[in-house]
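What follows is each chain in one-letter form.
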Amino acid sequence: MEILETTTAVCAAVAMALAWSGDAQAQRPEAGPFEIEDERGNDVRLGLLMQATTGWERQGDEVSDVSSRWRRVRPKLSARMFERRLKMATQWSFTPGSVELLDAFVELEVAPWATLRAGQYKIPLTRYRMAPVADLTLIDWPRLTKYFGGERQLGVTAHSGWKGDGTWGYHVGVFTGVNARAAHGVAAPLLYDRARPNPSDLLAPAAPAASEQPEVVAHVSWSPLGGGETGGDLRLRLDASAALDFGARAGEDTRGRAALEASAELAGFTLTSVGYVAVLERTASAGRHDVGLVGALGEFSFHWEPITTLALRATMVEISDATRADVESDLTSRGSAAGVLRSERAYAAGIKLDLWGEALQLGLDAELVERQLAELERGLGARAQLQARF
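Remember, predicted model here, so these are calculated numbers, not experimental data. Within each chain, residue numbers correspond to sequence positions counted from 1 in written order. A pLDDT threshold of at least 70 governs which residues receive local features in this predicted model, and a stricter bar of 80 or more applies before side-chain atom pairs are shown or counted, although totals over entire chains, interfaces and linings include all residues. With hydrogens and water excluded, all non-hydrogen atoms of the structure serve as input to the side-chain values.

**Some words on the overall build of the protein**
Line of reasoning, step 1. Helix and strand definitions here come from DSSP, where helices need a minimum of 4 consecutive H or I residues and strands a minimum of 2 consecutive E residues; each element is numbered from the N-terminal end. When you go through the protein residue by residue, the secondary structure sums to 6 helices and 18 strands.
Line of reasoning, step 2. Only protein chains enter the calculation, and the probe is 1.4 Å; a residue is then buried if its accessible area is under 20% of its type maximum, exposed if over 50%, and partly exposed in between. Classification of the 390 residues of the protein by burial places 43% in the buried group.
Line of reasoning, step 3. We call two residues in contact whenever any of their non-hydrogen atoms come within 4.5 Å of each other. Of all intrachain contacts in the protein linking residues separated by at least 6 positions in sequence, the fraction that spans at least 24 positions is 59%.
Line of reasoning, step 4. Calculation of accessible area relied on Shrake-Rupley with a 1.4 Å probe; when residues are assessed, cover is drawn exclusively from the protein chains displayed. Carbon and sulfur atoms make up 61% of the accessible area of the protein, which totals about 19200 Å².

Have a look at this one:
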């Protein structure tokens, strides 16, 4: 751990000195993979994301020591062939004690407006979650994505372009309904204190908590104001997403989810808002379900040339009365000592510095979390993260 702390500090200091020098300002690269391309446009790309994080937390009266770790080490290999109409990609995660397969898929462009993707990847539930983690201004995903997703699953999706940068865009997919990882989209097991296995961990593979059943996911986007590449024009985008699990099991799966998004960009300012709703099955009444929880996210950021981005984020999750009553009944019947969550709110602020373009970045943030159970619980944390990618 001392080696990690020393390495992180030295790299940050050296990179910051380079970033502020005139030569480094002129030569800062954009983050991009190592690429081999032939004369016909076929290519193979190798990329890598590394994140080293140092953090401190306080939960109630308990204060943790400052700890450091390799948060993410993610190599990615992709290839494009046949005039780049066929694409294959795989991404892995290596952290101490864990090796995970994150993504493994094949894409085929069948028409200018339709591409098919098959394999394991993030379901297209909200544009916000579909973005790469390396592009976040704050150090990590907001806490509410634990409840609403979107998570990684096995499936097949037809889409007009995965990033959806055009005026209109769509994604329509059918998935197995089995969460490939335990990090996101686990509202039911979180609330009902159930197991959250991680089938993608190759060192300690676990059988999924739920059996495979079809889950349909759809996402549409509309950009009435497309903006421009200069960064001076207004860009406005609206998105809607929904997911329906036809075989959801009470206490383990989410029956349905929906989200509405709106984002605006102008002259370095970006404002993003997302509203969520999720439907859960009742454990006490077979075949009955309720609106289990609602959530909201608001995020504001400002990019100050040449290297600084500031960000503020607020999120909330509210559990419905019907679901709280069902959770309490289920926990009591199983003898679980877990508390019944009423609401969760989080407020974060941070700064990201482009030390060497997007190839090397330093992030600093702080977050206040309020969880209402029988009593209000407050937690405060602060983190620093060095991120390198190519």
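Structure's up, so let's keep going.
**Structural notes on the packing of aromatic side chains**
Pairs of aromatic rings are described using the distance from one ring centre to the other and the angle between the two planes.
Line of reasoning, step 1. Pairing of aromatic side chains requires ring centres within 6.5 Å, counting the rings of Phe and Tyr and the six-membered ring of Trp. Pairs whose planes differ by under 30 degrees are stacked, by over 60 edge-to-face, and all others tilted. Enumeration according to the criterion identifies 8 aromatic pairs in this entry.
Line of reasoning, step 2. Seen in terms of ring centroids, F105 and Y121 are 6.0 Å apart; in terms of plane orientation they differ by 75°. Their pairing is edge-to-face. Taken as a pair, F105 in strand β6 (residues 98–111) and Y121 in strand β7 (residues 114–122) lie far apart in primary sequence, 16 residues in all. Across this residue pair, the class does not change: F105 and Y121 are buried.
Line of reasoning, step 3. With 5.7 Å between their ring centres and 20° between their planes, W168 and W222 make a pair best called stacked. Separated by 54 residues along the polypeptide, W168 in strand β9 (residues 168–175) and W222 in strand β10 (residues 215–225) bring together distant segments of the chain.
Line of reasoning, step 4. With relative accessibility at 34%, the residue W222 sits in the partly exposed group.

**A word on the pattern of salt bridges**
Line of reasoning, step 1. For this document, the term salt bridge refers to a Lys or Arg side-chain nitrogen within 4 Å of an Asp or Glu carboxyl oxygen. Taken as a whole, this structure holds 30 salt bridges when the rule is applied.
Line of reasoning, step 2. The shortest N-O distance in the salt bridge between R127 and D239 comes to 3.1 Å. With a gap of 112 residues between them, R127 in helix α3 (residues 127–130) and D239 in strand β11 (residues 235–245) connect regions that are remote in the sequence. Of the two residues, R127 and D239, both sit in the buried class.
Line of reasoning, step 3. Here R371 and E377 are joined by a salt bridge, their closest N and O atoms 3.8 Å apart.
Line of reasoning, step 4. The class for E377 is partly exposed, based on a relative accessible area of 42%.
Line of reasoning, step 5. When salt bridges that share partners are traced, they join E35, E37, D43, R45, R80 and R84 into one network.

**What about the environment of A296?**
Line of reasoning, step 1. Along the polypeptide, A296 turns up in strand β14 (residues 289–304).
Line of reasoning, step 2. Residues A296 and M316, 20 residues apart in the sequence, show an inter-C-alpha distance of 5.4 Å.
Line of reasoning, step 3. Beyond its immediate stretch of four places on either side in the chain, A296 contacts L144, V274, G275, Y276, A314, T315 and M316.

**Some points on the pairing of strand β17 (residues 360–372)**
Successive side chains on a regular strand alternate, one facing one side of the sheet and the next facing the other.
Line of reasoning, step 1. In short, DSSP must find at least two bridges between two strands for them to pair. Both strand β16 (residues 343–358) and β17 contribute to a ladder of 13 bridges, which runs antiparallel. In the strand pairing of β17, R345 is matched with E370.
Line of reasoning, step 2. Two successive antiparallel strands, β16 and β17, enclose a turn made up of 1 residue.
Line of reasoning, step 3. By the bridge criterion, 13 bridges tie β17 to strand β18 (residues 376–389) in an arrangement that is antiparallel. Bridge pairing links L368 to L380 in β18.
Line of reasoning, step 4. Taken together, β17 and the strand that follows it, β18, pair antiparallel across an intervening segment of 3 residues.

**With respect to the nonpolar core**
Line of reasoning, step 1. Joining through side-chain atoms within 4.5 Å is the link that ties buried Ala, Val, Leu, Ile, Met, Phe, Trp, Tyr and Cys residues into a set, and such a set is a nonpolar core. With 26 residues, the main nonpolar core has Y147, F148, L191, L293 and V317 as its most contacted residues.
Line of reasoning, step 2. Elements that contribute at least two residues to this core include exactly α4 (145–148), α5 (187–192), β13 (269–281), β14, β15 (308–319) and α6 (321–334).
Line of reasoning, step 3. Within the second largest apolar cluster, 10 residues are counted, among which are A89, W162, V217 and A243.

**A short note on the environment of L116**
Line of reasoning, step 1. In this fold, L116 is placed in strand β7.
Line of reasoning, step 2. Take L116: its relative accessible area is 40%, and that puts it in the partly exposed class.
Line of reasoning, step 3. For the pair L116 and L86, spaced 30 residues apart in sequence, the C-alpha separation works out to 9.7 Å.
Line of reasoning, step 4. Other than its neighbours up to four places away in sequence, L116 contacts V106, E107, L108, V110, T157 and A158.

**Concerning α6**
Line of reasoning, step 1. Taking 1.5 Å of rise per residue, 14 residues should cover 20 Å, and α6 covers 20 Å from first to last C-alpha, within 8% of that figure.
Line of reasoning, step 2. What α6 keeps buried is the set T323, R324, D326, V327, D330 and L331. Down the axis, α6 shows its buried residues gathered within 165° of arc, on one side only. For α6, exposure combined with an orientation more than 90 degrees from the buried face picks out D321, T332 and S333. The length a helix should cover is 1.5 Å for every residue beyond the first. For this quantity, the arc is that covered by the directions from the helix axis to the C-beta atoms.

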